[in-house]
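Spelled out from the first residue to the last, the chains are:
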Amino acid sequence: MQKISQLKPQTQLQQTAEEPLLNIQQMQFWLDKAVAWGQADSPDTQKDTCLHLNRLRDFLQQLLIHVNSMSSTTETMKRLPFLGQFLGRLCWNPLVTADASGRKLLFQCLWELYSELPGNAVERKANQWIRKLFCQLATEEEEAAAQAFMKHMNVPPNEYHLQVLRKTVAMLQENIEKSCSSFGNMNQRCNCDSILATSEACVPLVSCPEAAPLIGALLQHPMSCVRATLSEDFLNALSSAYSSNCLSLEEQSVVSLWYHNLSSLEEAVLSLLKCATTNTTTLPQELEQQLTQSLLPEACAQHFSIFLVVNDILRSVLKQAEGNEPVKFLIQTFTRCLLQKLPLQQHQASVSLKAWFPQAPQRLLVPLLTLPSEMPQEAWKRHLIWLSSSLQKLAEEEDKEDEDGGSSRSSSLEGHHKVFEAWFLLVQCAHWVQVAVHLLASSGPEDSGPFLWLLTFFHHPTNRGHHRAQQLVRAKEAWEHLHSLFLVSAHPLPVERLQSLVSLLSPQPQQPSPPTLLILSLLVNFAVFTQQSLSRSTEILQTVVDGSGLVDEAASLLSSLELKLNGGSSFSGDANRVHHRIKALQNTVTHTHAASNPAENHHNTHALKPGVHRPPSDRFQVKDVL
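Bear in mind that the values here come from a model prediction, so they are computed numbers and not experimental data.

J.: How should the overall build of the protein chain be read in this particular structure?
T.: Broken down by element type, the protein chain carries 32 helices and zero strands. Counting every position in the protein chain, which comprises 626 residues, the buried fraction comes to 51%. Excluding contacts between residues fewer than 6 apart, the proportion of contacts in the protein chain whose partners are at least 24 apart in sequence is 73%. Surface accessibility of the protein chain: about 29,600 Å² in total, with carbon and sulfur atoms responsible for 52%.

Right, dumping it as structure tokens:
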């Protein structure tokens, strides 16, 4: 075999006077050795390789310093045209790569050769070669030299490759942690170039458990340098592996993945939406647990840019499905979890509320985002009257523009946008809606008007077909029936009022769909917060929900109310009494219904009483919305 030194004149290995001297004789010696060693397939060659490993490490250290002093890969290859072949031969020599220190120096030399932004064909070809070398060193199982080494050393193949992979991962991770740690020499190339190279080398390793520490280090590496970028192929491979449960990541790594990769964040949000809307048997407590486990509130609290993306997705879905209660409840729960975690992120304190909610009406931000627990209970009534008045003014402006015949289309669209954004913020901050419903259960006729309007607007924001006024009339009628029922203590119960409530909850021919959940929410809150006896409240609730076929919906509202109370939203001075009543009402409603409908309990279907029509389901498919 012709020696490398004989292929080109030695003058090409010389340096200029400005560069650190690299001993030409040493370079010639190691070039010859790399060729002679081949793939270490004979006992004599293996012995000679092992004898020279210490000296080889010293030479590689000198070579690394020399390469690091070059301004670019092109210049390095021009000065040392056989450097790539030399390093490649050493990398494929199993005895050389088995030495941790020597292998580390080899990889450092390769990192220095990698060009983050290749400027010519030489640098692009060098990048391809370096990536291939990284991948094959870590994953190739049939490499002939490695097989010869394993046979000679009596090492099982799996053990050999795992050890090589673990050591490689450890070295790469160490190099990442040192990136941008010092800039003592301004002429020295930034070590962060290796971040991109390492992430590209990790593409075939994303599902390997041994590579998890390296993947975590890459994702969590601070992006303090413009050179410390991650490969798009790497991020896409991670997103695919994580979504298919082929990859386990630490919580902070998941957050970092969403921060770097928009598609993975969108997939996480849509997955949560699908879970919330397709499984109609999911309890509110289970949905909150799923939301918390998804890490989305945590990620949004850490990076308000992530929150803006998540918020836009939720806004788009809600705009297409305004009446979908699971989506509304998910948005409410998400916002509540975010507001709980946000104070823990001190670095986000400087971000204004306007930046977090750029499209929301600014005058409503602070009043709605303020939690009921953050002000005295005696101020709730005045606060809610102001909120109702402000929202009503926006809605009336929109209605007036519609009545004017849309003379100014842009003005009409702007009005619709303002009302929707105000409603979206109200959905996010539905704690005030719950306070309004609670106060309706204890207020007189003089105070019910603003609270009923707010509740009607929450359930019917767009006023399609000018039905909001009719829904408000129905809500007032239902409230009057409930107010009378829960004030009366005489037996038997007024049958006509009970039947009127059942009728209000049922569809009528040629009439808009009834405000089912609005009236049912009033009924549940009356049963929980009224001063009426528990037995009387239970009888009223049970009679109405059985007659209307809304047992499951009532149970869900009770669970939701219990969840809000457990979350710190105090709507009563007697919390123990309220919790006791909720539990008793839940047990009565669900157990009585199960006992009277054993077939339904088995088949999970609803059996309605003759002549009673169940309101249409609010379910929808996420894929039909986006």
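J.: Whenever I open this one, the pattern of salt bridges confuses me. Can you help?
T.: Close approach of charged atoms allows side chains with opposite charge to pair. Following the criterion strictly, the structure yields seven salt bridges and no others. Across the pair Lys-33 and Asp-48 runs a salt bridge, and its minimum N-O distance is 2.9 Å. Note that Lys-33 is positioned in helix H1 (residues 24–37) and Asp-48 in helix H2 (residues 43–68), a separation of 15 residues in sequence. Exposure remark for Lys-33: the relative accessible area of 15% places this residue in the buried category. One salt-bridge network, in which partners are shared between bridges, spans Asp-312, Arg-315 and Glu-421.

J.: What is the right way to read the nonpolar core from this model?
T.: As a rule of thumb, nonpolar side chains are buried together in soluble globular proteins. Among the nonpolar cores identified, the biggest contains 163 residues, and Phe-86 and Phe-234 are the most heavily contacted of them. Looking at which element gives the most residues to this core, the answer is helix H27 (residues 516–529), with 10 residues. Not counting the four nearest positions on each side in its chain, Phe-86 is found in contact with Trp-30, Leu-31, Ala-34, Phe-59, Leu-60 and Leu-63.

J.: Explain helix H14 (residues 262–278) here, please?
T.: For an α-helix, the turn length of 3.6 residues means that residues three or four places apart are oriented alike. With 17 residues, H14 should cover 24 Å at 1.5 Å per step; its first-to-last C-alpha distance of 24 Å lies within 8% of that length. Among the residues making up H14, those that are buried are Ser-264, Leu-265, Ala-268, Val-269, Leu-272, Leu-273, Ala-276 and Thr-277.

J.: I would appreciate a short explanation of the confidence of the model for the protein chain in the present structure.
T.: As a general rule, the predicted coordinates of low-pLDDT regions are not to be interpreted in detail. Taken residue by residue, the protein chain gives an average pLDDT of 77. The fraction at 70 or more is 75%. Contacts of residues 1–20 to residues separated by more than four positions or lying in other chains number 36 contacts, the stretch itself having pLDDT below 50. The low-confidence segment residues 599–626 (pLDDT under 50) makes 48 contacts with residues lying over four places distant or belonging to another chain.

J.: How should I be thinking about the environment of Thr-198 in this particular structure?
T.: Following the sequence through the fold, Thr-198 ends up in helix H10 (residues 193–201). By relative accessible area, Thr-198 is classed as buried at 0%. Thr-198 sits 23 residues away from Asn-175 along the chain, and the two C-alpha atoms are 9.5 Å apart. Ignoring anything within four residues of it in the chain, the contact list for Thr-198 reads Trp-111, Leu-172, Ile-176, Leu-214 and Leu-218.

J.: Just checking my understanding: could you explain the packing of aromatic side chains for this structure?
T.: The geometry of two aromatic rings is summed up by the distance between their centres and the angle between their planes. Going through the model one piece at a time under the given rule, you end up with 12 aromatic pairs. An aromatic cluster of at least three residues, connected via ring pairs, comprises Phe-29, Trp-30, Trp-37, Phe-59 and Phe-86. Sitting over the ring of Phe-420, Lys-319 keeps its end group 4.9 Å from the ring centre. Residue placement shows Lys-328 over the ring face of Phe-458; its charged tip is 4.1 Å from the ring centre.

J.: Just to check I follow, could you spell out the environment of His-459 for this structure?
T.: Here His-459 shows up in helix H24 (residues 445–459). On the basis of relative accessibility, which here comes to 13%, the residue His-459 falls in the buried class. Residues His-459 and Gly-323 lie 136 residues apart in sequence; the distance between their C-alpha atoms is 7.0 Å. Each residue touching His-459, except ones within four places of it in the same chain, is listed here: Glu-325, Lys-328, Leu-517 and Leu-518.

Calculation criteria
Residues numbered from 1 in each chain as written. Predicted model: local features only at pLDDT ≥ 70, side-chain atom pairs only at ≥ 80, totals over all residues. Heavy atoms only, no water. Helix = DSSP H or I, 4+ residues; strand = E, 2+ residues; numbered from the N terminus. Buried < 20%, exposed > 50% of the residue type's maximum accessible area, 1.4 Å probe, protein only. Contact = heavy atoms within 4.5 Å. Areas by Shrake-Rupley, 256 points an atom, 1.4 Å probe, with all protein chains shown as cover. Salt bridge = Lys/Arg side-chain N within 4 Å of Asp/Glu carboxyl O. Core = buried A, V, L, I, M, F, W, Y, C linked by side-chain atoms within 4.5 Å. Expected span 1.5 Å × (residues − 1). pLDDT = per-residue confidence, 0-100. Phe/Tyr/Trp six-rings, centres within 6.5 Å; stacked < 30°, edge-to-face > 60°. Lys NZ or Arg CZ within 6 Å of the ring centre and 35° of its normal.

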